[in-house]
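# A structural walkthrough
Residues per chain are reported as follows:
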Amino acid sequence: GNTAHYDGVIAALESRGLHVVPAFAHGLDAREAVEKFYVQDGRATIDALVSLTGFSLVGGPAYNDARAAEELLANLDVPYVAAQPVEFQTLEEWDRSARGLLPVEATMMVAIPELDGATGSMVFGGRSAASGNVRDMQVHGERAAMLAARVDRLIDLRKVERRERRLAVVLFNFPPNAGNAGTAAHLAVFESLHRTLGSLKRAGYQVELPPSPQALRERLTGGNAQALGQHGNVHARIPVDDHVRREPWLAPIENQWGPAPGRQQSDGRSLFVIGERFGNVFVGLQPGMGYEGDPMRLLFEQGFAPTHAFSAFYRWIREDFDAHAVLHLGPHDLHESLP
């Protein structure tokens, strides 16, 4: 009777046109429920499996049988997403917290399910004082909507022919203008990227493969870079008016960096997307994180908006290039460098 958090996720999935088959597994072993409701004649009858328990697929919090879960998931052969409610704090405490999940939550609800093969961990609900009873579970509407969107995209991706799939690859480049494109400690990034592109091409993806890693680097860092005074090839331009109309976080960005388009990767009339397209693969250089002369400031600001160029870069990948997936290769980037 305390299932408002589950109901909220089901409603979010259904709002995207997905048909949801909920099942409850007693005893913290999901295998019987999966085989009864999601498999027929040895084949999966579902397009994706979403676990909302916050625990491992087989064993729950008491123990984890990752091998049994792996065998079950391999037979299903569909995307498996494990999301979690916050159990050891309220949603309000989680929302205010700088660190988010508590260590026990990160271990039990994120790390252990990953041993099974789960991906896409995120909070979707939890206990909330807003209802008047802190024992009542509530959905976090924005997170549930994001979870539903992710599941929807995973299902769509499986239905797209490999030749039609679009992939964005983002390389670390900080500080810009210092020859740092594609740098990472003890990793040969351009050689790795060249081999990855070759593997994709052999697997049936539409890839225009440069003849060598050096040629790949030159296409990315050369091109029209010198003519436009940039640190790499300008693949696309985003007019200021377009950026102002489409940027949902315009106010906090302008509060931090001034009126659009700002001074980073811009000629005053448009924002530049630095990168190059190789068939259906776009390789881009991540815009600078902000303060070139004081990068540690980003770690201790306690609140920070990305530059116009940074936000526009990822919006262009998501909405204009319409990438099916994004690969951060390096792995240095904003995800690693900030809390």
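Look up: the structure comes first, before these words.
This write-up is about the structure you can find in this document.

Regarding its fold elements, the chain presents 14 helices and 12 strands. At 22 Å, the chain has a C-alpha radius of gyration in line with the 20 Å of a compact globule built from 339 residues. Along the longest, intermediate and shortest principal axes, the C-alpha atoms of the chain span 65 × 50 × 40 Å. Of the contacts formed within the chain by residues at least 6 apart in sequence, a portion of 69% connects residues at least 24 apart. A total of about 18,000 Å² of accessible surface is found on the chain, and carbon and sulfur atoms cover 51% of it. On the chain, the mean spot of the 32 positive side-chain charges and the mean spot of the 41 negative ones are 5 Å from each other.

Turning to the sheet that holds strand β10 (residues 270-278), a few remarks are in order. Spatially, five strands are ordered β9-β10-β11-β8-β12 in an open sheet, and the strand pairing comes out mixed. The strands lining the two open edges of the sheet, one partner per strand, are β9 (234-239) and β12 (325-329). This sheet shows a mean twist of 30° between the axes of neighbouring strands, independent of strand direction. With five bridges joining them, β9 and β10 adopt antiparallel strand pairing. Across the sheet, the residue bridging to valine 234 is isoleucine 274, located in β10. In the packing of helix α7 (residues 189-202) onto the sheet, the strands contacted are β8 (167-171), β11 (281-285) and β12, and the crossing angle to β8 comes to about 175°.

The next thing to look at is the packing of aromatic side chains. All chains considered together, the criterion is met by seven aromatic pairs. Arranged with centres 5.3 Å apart and planes meeting at 45°, the rings of phenylalanine 310 and tyrosine 314 form a pair that is tilted. On the criterion of helical spacing, the pair formed by phenylalanine 310 and tyrosine 314 is a turn pair, its members being four residues apart in helix α13 (residues 308-320). Across this residue pair, the class does not change: phenylalanine 310 and tyrosine 314 are buried. Feature note: the residues Phe282, Phe310, Phe313, Tyr314, Trp316 and Phe321 constitute an aromatic cluster, connected by ring pairs.

Time to look at the nonpolar core. Grouped together as the largest cluster of nonpolar side chains are 21 residues, with contacts concentrated most on Val169, Leu171, Leu193, Leu197, Val281 and Val283. For this core, the secondary-structure elements that each account for two or more residues are β8, α7, α8 (213-221), β10 and β11. Counting residues per element, this core draws most heavily on α7, at five residues. Those residues in contact with valine 283 that lie beyond four places of it in its chain are Val169, Leu171, Leu193, Leu220, Ile274, Gly275, Glu276 and Phe278. With 17 residues, the next largest nonpolar core counts Val20, Ala83, Phe124 and Ala144 among its residues.

Reading the values: rules and limits
Think of each chain on its own: its residues are numbered from 1, step by step along the sequence as written. The predicted origin of the model limits local features to residues at a pLDDT of at least 70 and limits the giving and counting of side-chain atom pairs to 80 or more, whereas totals for whole chains, interfaces and linings rest on all residues. Computation of side-chain values covers all heavy atoms of the structure but excludes hydrogens and water. Put simply, DSSP H or I for four residues or longer makes a helix, DSSP E for two residues or longer makes a strand, and each gets a number counted from the N terminus. What the globule rule says is 2.2 Å times the number of residues to the power 0.38, and the radius of gyration is computed from C-alpha atoms. The contact definition used throughout considers only heavy atoms, calling two residues in contact when any of these lie within 4.5 Å. We get accessible surface area from the Shrake-Rupley algorithm with a probe of 1.4 Å; when it comes to residues, only the shown protein chains can shield them. In this count, Lys and Arg are taken as positive residues and Asp and Glu as negative ones, while His and the chain termini are left out. Charge positions are represented by NZ for Lys, CZ for Arg, CG for Asp and CD for Glu. A pair of strands is labelled paired if DSSP reports no fewer than 2 bridges between them. A fitted line through C-alpha atoms serves as each axis, taken over the contacting stretch for helices, and the angle formed by two N-to-C directions is quoted from 0 to 180°. The pairing test for Phe, Tyr and Trp rings, Trp by its six-membered ring, is centres within 6.5 Å, and the orientation test on the planes gives stacked under 30 degrees, edge-to-face over 60, and tilted for anything in between. For every residue, the accessible area obtained with a 1.4 Å probe (protein chains only) is divided by the maximum for its type, and the residue is called buried under 20%, exposed over 50%, and partly exposed between those limits. Among the buried residues, those of types Ala, Val, Leu, Ile, Met, Phe, Trp, Tyr and Cys that are joined through side-chain atoms within 4.5 Å form a nonpolar core.

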